[in-house]
Amino acid sequence: MIDLNIIWFLLFGVLIIGYAILDGFDLGVGVIQLFTKDENEKRININSIGPVWDGNEVWLLTGGGALFAAFPIVYATVFSGFYLAFMLLLTALIFRAVSFEFRKYSEKPGEKKRWDLAFGLGSLVPALLFGVALGNILRGLPVELKDEKVVSSISFLGLLNPYALLVGVLSLVLFTMHGAIYLSMKSTGRQRDRMISWINNTWIAYVVLYSIATFATFFVAPYLFKNMLGSLVFWFMFILLFVAILFIPVAARMKKFGLAFISSSVMIAMMIGLAALSLFPRLVPSSINLENSLTIYNASSTPKTLTTMLIIALIGMPIVIGYTIFIYRIFRGNVLITKDSY
Amino acid sequence: MDPVLLARFQFAMTVGFHFLFPPLTIGLSWMLVIIEMLGWKKKSGIYVAIGKFFGKILGLIFAVGVATGVVMEFQFGTNWAEYSKFVGDIFGAPLAAEGVFAFFLESTFLGLYLFGREKVSKNVHWFSIFMVAVGATISAFWIIVANSWQQTPAGYIILQGRAELTDFWTAVFNPSTMVRFLHTTDAALISGAFFMAGVSAYLVLKGKELEISKKALTFAVIFGLVVSMLEVFPFGHEHGRVLAQTQPEKFAAIMGLYSSQNEAPLALFAVPFDHPPELKAHIKIPGLLSWLAFGDIHARVQGLNEFPKEEVPPLFLTFVSYHNMVILGMYFILITAFASYKIFKKTIWESKKLLKTLLWSIPLPLIACQLGWIAAEVGRQPWIVYHLMKTKDAVSITVGWGEILFSIILFGVIYILLGWVFIKLLVKKVKHGPEPISAKEALS
């Protein structure tokens with residue numbers, strides 16, 4: 001039986017996947033900026049995402065708002081538990097957000113270089129922390145009851161455990177590959193050739209890391225695999241993921257970058273989908289006692305609020321998706337640098 | 001150190017800095033809606049040039065607004081976890097609605113407005129700035145819904161130790177939402193008007209692109225006069241009236257009314273003291289406060305003495321913030337009225353003093369916004385949700401004072417850096433001035 005709590009679990013998953021696919025390539029472009037030397041190529045990198053990156057980041061903000069509204073206990077417990085990690089994330093996002101305009105109006109090469117660094121590190125840190133956060137959730141957090149209040153206290157260094165760092169590096173590599181594929185659609189000539197080799201190299205690293213991470217998960221959080229092998233949804237998603245991964249280098253070799261981009265988007269969706277499926281119906285497993293886990297039932301808002309939010313989402317999100325597609329169509333094709341560009 | 005005080009300071013600092021930018025975004029984007037419309041319909045190269053110049057500045061302001069706004073979306077969870085659990089069933093929905101209905105709209109269409117001028121038709125381009133303005137205003141609406149619910153909660157019941165939603169629209173349109181929304185949005189329009197007027201005045205002083213800068217100044221001053229008058233009456237007046245009915249202790253504090261009285265006087269000027277509670281150097285008009293609050297000079301207005309001592313807001317800060325905001329509000333009307341008169345007489349262009357005054361008035365509406373916000377938020381203390389939850393019970397229990405202090409220093413340093421670079425680039429952009437009207441547009 002599908003109830004409101006399950007619907008919101010799915011919708012929250014959609015928001016996270018939307019964020020990972022859309023801002024994922026922005027973050028990847030930022031990481032690649034760190035390794036780009038030529039000023040013209042740097043400008044193509046920035047302008048390839050210039051008109052759209054801000055809208056993409058809104059998926060994260062809306063995800064945060066939706067989590068607050070639908071599962072406030074998770075929002076409160078995880079965000080206060082990850083305090084310093086969040087401050088680091090916010091610092092990165094602040095510098096990244098201003099780097100576009102600030103770089104544009106800085107004239108000295110040294111200043112431009114500084115804002116390139118802000119853009120690059122401001123992208124690298126969120127790309128890494130995305131995986132670190134996911135890794136820690138999969139591994140379980142010390143959720144407990146203290147004076148009848150649900151809390152989860154974990155030190156900043158505790159968050160940087162080997163497993164979470166492994167998933168962090170995986171997401172960094174994943175988003176970098178996604179960004180390289182996006183840039184190969186937006187660039188030409190030598191720059192595009194370089195992007196193809198970025199795709200190939202990050203793809204190999206990705207396959208190796210994802211295999212190790214999956215293997216490690218068996219040991220770190222074995223309960224995640226319970227009931228998975230008998231599930232049809234699991235096998236459907238798994239096969240789709242497998243096909244999408246294999247298709248990326250093929251599409252890149254055929255210079256069908258649009259297809260490669262769709263593949264990597266499907267791949268991201270399936271990866272997050274599989275992680276969500278293994279967690280379900282938990283949102284945050286407790287590493288102290290699985291019974292203490294925050295689930296879509298014990299951490300949720302009332303049915304009244306979930307219904308209201310569902311109406312808001314059903315009215316709002318189709319409109320959002322509609323004009324987002326409209327804007328992407330206007331800015332499709334290779335980047336042209338004009339005097340209004342970044 | 002007291003973690004509650006630190007958490008409050010952190011929140012005040014991050015919201016206060018953020019709140020410098022959205023009023024400018026809202027104000028400028030609505031002005032650009034009109035300017036771009038004039039440029040498009042009248043085929044006027046002058047208005048198009050104004051649009052291009054202030055459009056680019058809008059892009060810069062918007063970027064810092066976005067950067068500092070991201071913090072807000074997560075801060076309730078990081079610093080105010082107990083609050084988030086208590087109000088999540090109600091408070092989260094407006095924040096999510098703000099994302100869905102506002103953030104997507106403004107940020108997606110701003111990209112099109114800034115980079116699409118040559119790529120799309122004139123009507124689509126105009127539509128893009130219109131959507132930016134609509135999005136920014138919807139954003140203000142939902143965040144004010146959330147804030148107003150803290151001030152005058154409605155549409156809820158308390159069950160299992162938390163506030164649960166009973167009626168969405170009653171919660172959204174709680175008693176103070178609309179008056180606060182109109183008052184705040186109009187303050188944003190004033191901020192935009194003074195920004196454009198001040199920048200244009202500078203360009204006129206420096207003799208840059210006079211055709212463009214004179215037109216922009218004329219437009220901004222007249223626009224500023226209209227919105228400044230509306231701010232006092234009806235918006236400010238209505239806001240005060242609703243406040244007197246819904247939060248009498250805050251009303252008493254901002255008005256400096258220590259003891260309940262009939263024919264309560266309006267304090268025009270005073271120095272408030274907490275110990276003993278009295279106003280010194282007091283200039284007042286008898287009966288006016290009763291009349292403003294209840295439409296009757298004999299009406300009884302509750303003073304602070306009627307409320308328990310531990311449930312009364314700090315007096316000095318609320319009183320001083322509120323009164324300085326009002327003084328600034330009056331100044332906005334006077335200066336724009338005087339400038340409008342000089343424009344009508346065509347003598348403003350030689351009046352260096354007035355032009356300089358307009359330039360240096362740019363930050364004043366932003367200061368007024370901050371003061372109004374301080375009066376509203378400090379005036380709600382000791383409550384985080386009025387009469388439901390105290391601020392001291394709302395902080396995250398797992399976050400220690402060391403972590404909060406660290407984040408205060410971190411954001412303090414970042415915001416000083418951002419503010420400094422922002423001002424530097426803004427000044428450079430303004431000094432460079434607008435691009436001359438292109439031959440193509442002059443002909444068409």
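The numbers attached to residues start from 1 for each chain and follow its sequence in the written order. All chains are assigned letters beginning at A, and all ligands numbers beginning at 1, according to the order in which they are written. Predicted model: local features are reported for residues with pLDDT of at least 70 only, side-chain atom pairs are reported and counted for 80 or more only, and whole-chain, interface and lining totals are derived from all residues.

1. Thoughts on the overall build of chain A
The cut-off we apply is this: By the criteria applied, helices consist of DSSP H or I runs no shorter than four residues and strands consist of E runs no shorter than two, each listed in order from the N terminus. Based on C-alpha atoms, the radius of gyration is set beside the globule rule, defined as 2.2 Å times the residue count to the power 0.38. For every residue, the other C-beta atoms within 10 Å of its own C-beta are counted; 20 or more classify it as buried, 12 or fewer as exposed, and values in between as partly exposed. C-beta atoms are placed from the backbone. Residues are defined as contacting one another if the C-beta atoms placed from their backbone atoms lie within 7 Å.
Secondary structure assignment for chain A yields 12 helices and four strands. Taking 342 residues into account, the globule formula puts the C-alpha radius of gyration at 20 Å, and chain A, at 20 Å, falls close to it. Oriented by its inertia axes, the alpha-carbon framework of chain A measures out at about 60 × 40 × 40 Å. Relative to its full complement of 342 residues, chain A shows a buried share of 52%. In chain A, the share of contacts with a sequence separation of at least 24, taken over all contacts with a separation of at least 6, comes to 79%.

2. Re the packing of helix H5 (residues 83-105) of chain A against helix H14 (residues 401-432) of chain B
What counts here: All axes here are fitted lines through C-alpha atoms, helices being fitted over the stretch that makes contact, and every angle between N-to-C directions spans 0 to 180 degrees. Throughout, the term roughly parallel applies to angles under 35 degrees, roughly antiparallel to angles over 145, roughly perpendicular to angles from 65 to 115, and oblique to all others. Under the scheme applied here, ten amino acids are nonpolar (Ala, Val, Leu, Ile, Met, Phe, Trp, Tyr, Cys and Pro), four are charged (Asp, Glu, Lys and Arg), and all others, including Gly, are polar.
Across the interface, H5(A) lies against H14(B) with an axial gap of 11 Å and an inter-helix angle of 5 degrees. The angle between H5(A) and H14(B) places the two elements in the roughly parallel class. Here A:Tyr83, A:Leu84, A:Met87, A:Thr91, A:Ile94, A:Val98, A:Phe102 and A:Tyr105 of H5(A) lie close against H14(B), whose contacting residues are B:Glu403, B:Ser407, B:Leu410, B:Ile414, B:Leu418, B:Val421, B:Leu425, B:Lys428 and B:Lys429. For the contact of H5(A) with H14(B), the class distribution of residues is 12 nonpolar, two polar and three charged.

3. Focus on unusual backbone geometry
For the bond running from A:Phe280 to A:Pro281, omega is 0 degrees, close enough to zero to count as cis. Within the secondary structure layout, A:Pro281 lies in the loop between helix H11 (257-279) and strand E3 (282-284). Note the cis peptide between B:Phe233 and B:Pro234, where omega equals 10 degrees. For B:Pro234, the position within the fold is in helix H8 (residues 210-246). Phi at B:Lys43 takes a positive value of approximately 50 degrees, unusual for a residue other than glycine.

4. Some thoughts on the interface of chain A and chain B
On the side of chain B, 55 residues touch chain A, which itself brings 54 residues to the contact. Of all the secondary structure elements, the ones that give two or more residues to the side of chain A that touches chain B are helix H3 (53-70), helix H4 (72-81), H5, strand E2 (149-152) and helix H12 (303-330) of chain A. When residues in the side of chain A that touches chain B are grouped by element, the largest group, 14 residues, is from H5(A). Tallied by class, the residues present in the side of chain A that touches chain B amount to 33 nonpolar, 16 polar and five charged.

5. Considering helix H6 (residues 109-139) of chain A
Inclusion rule: To estimate how far a helix should extend, the number of its residues minus one is multiplied by 1.5 Å.
Between its terminal C-alpha atoms H6(A) stretches 45 Å, which fits the 45 Å expected from 31 residues at 1.5 Å a residue. Just downstream of H6(A) lies A:Gly140, where phi reads positive at about 100 degrees.

6. Description of the environment of B:Gly256
All names here are of chain B. Of note, Gly256 is situated in the loop between helix H9 (248-255) and strand E3 (261-262). Put simply, Gly256 and Leu315 are 59 residues apart on the chain and 7.4 Å apart in space, counted from C-alpha to C-alpha. With residues up to four places along the chain from it excluded, the contact list for Gly256 reads Ala267, Ala270, Pro272, Leu279 and Phe319.

7. A short note on the confidence of the model for chain B
Defined as follows: Along the chain, pLDDT gives the predictor's confidence residue by residue, from 0 to 100.
The pLDDT averaged across chain B works out to 93; a share of 98% of its residues lies at or above 70. Scored as a complex, the prediction yields pTM 0.94 and ipTM 0.91.

8. Comments concerning the packing of H5(A) against helix H3 (residues 45-79) of chain B
Viewed as axis vectors pointing N to C, H5(A) and H3(B) meet at an angle of 170 degrees, and their least axial separation amounts to 8 Å. Of the possible angle classes, the one that applies to H5(A) and H3(B) is roughly antiparallel. Of the residues in H3(B), those in contact with A:Tyr83, A:Phe86, A:Leu90, A:Leu93, A:Ile94, A:Ala97, A:Val98, A:Phe100 and A:Glu101 of H5(A) are B:Gly59, B:Leu60, B:Ala63, B:Val64, B:Val66, B:Ala67, B:Thr68, B:Val70, B:Val71, B:Phe74 and B:Thr78. Across the contact of H5(A) with H3(B), the residue classes tally to 16 nonpolar, three polar and one charged.

9. Comments concerning the environment of B:Ala12
Residue and element names in this part refer to chain B. As for its placement among the helices and strands, Ala12 is situated in helix H1 (residues 3-18). Residue Ala12 is classed as partly exposed on the basis of its 15 C-beta neighbours within 10 Å. Taking the C-alpha atoms as reference points, Ala12 and Glu377, separated by 365 residues in sequence, lie 9.5 Å from one another.

10. Some points on the pairing of strand E1 (residues 143-146) of chain A
All names here are of chain A. The condition that has to hold: By this definition, two strands are paired if DSSP reports at least two bridges between them.
Where E1 meets E2, four bridges bridge the pair, whose relative direction is antiparallel. Bridge pairing in E2 places Glu144 opposite Val151. Counted along the chain from E1 to the antiparallel partner E2, the turn is two residues long, and its residue Asp147 has a positive phi close to 50 degrees.

11. Brief notes about H5(A)
All names here are of chain A. Quick note on the threshold: The seven residues ending at a residue and the seven starting there each receive a fitted axis; the angle between those axes is the bend at that residue.
A rise of 1.5 Å per residue sets the reference length of H5, with its 23 residues, at 33 Å; its end C-alpha atoms lie 34 Å apart and thus fit the reference within 8%. Its axis deflected by about 45 degrees at Ser99, H5 carries its strongest bend there. The element H5 is extensively covered by neighbouring structure, given that 19 of its 23 residues are classed as buried.

12. Looking at the nonpolar core
How we decide: One nonpolar core equals one set of buried Ala, Val, Leu, Ile, Met, Phe, Trp, Tyr and Cys residues connected by C-beta atoms within 7 Å.
Core analysis: the biggest nonpolar cluster contains 255 residues, and A:Val74, B:Ala96, B:Ala193 and B:Met196 have the highest contact counts within it. It is helix H4 (residues 81-115) of chain B that contributes the most residues to this core, 22 residues altogether. Once you skip the residues sitting within four places of it in the chain, B:Ala96 turns out to touch A:Thr62, A:Gly65, A:Ala66, A:Phe68, A:Ala69, A:Met309 and A:Ile312.

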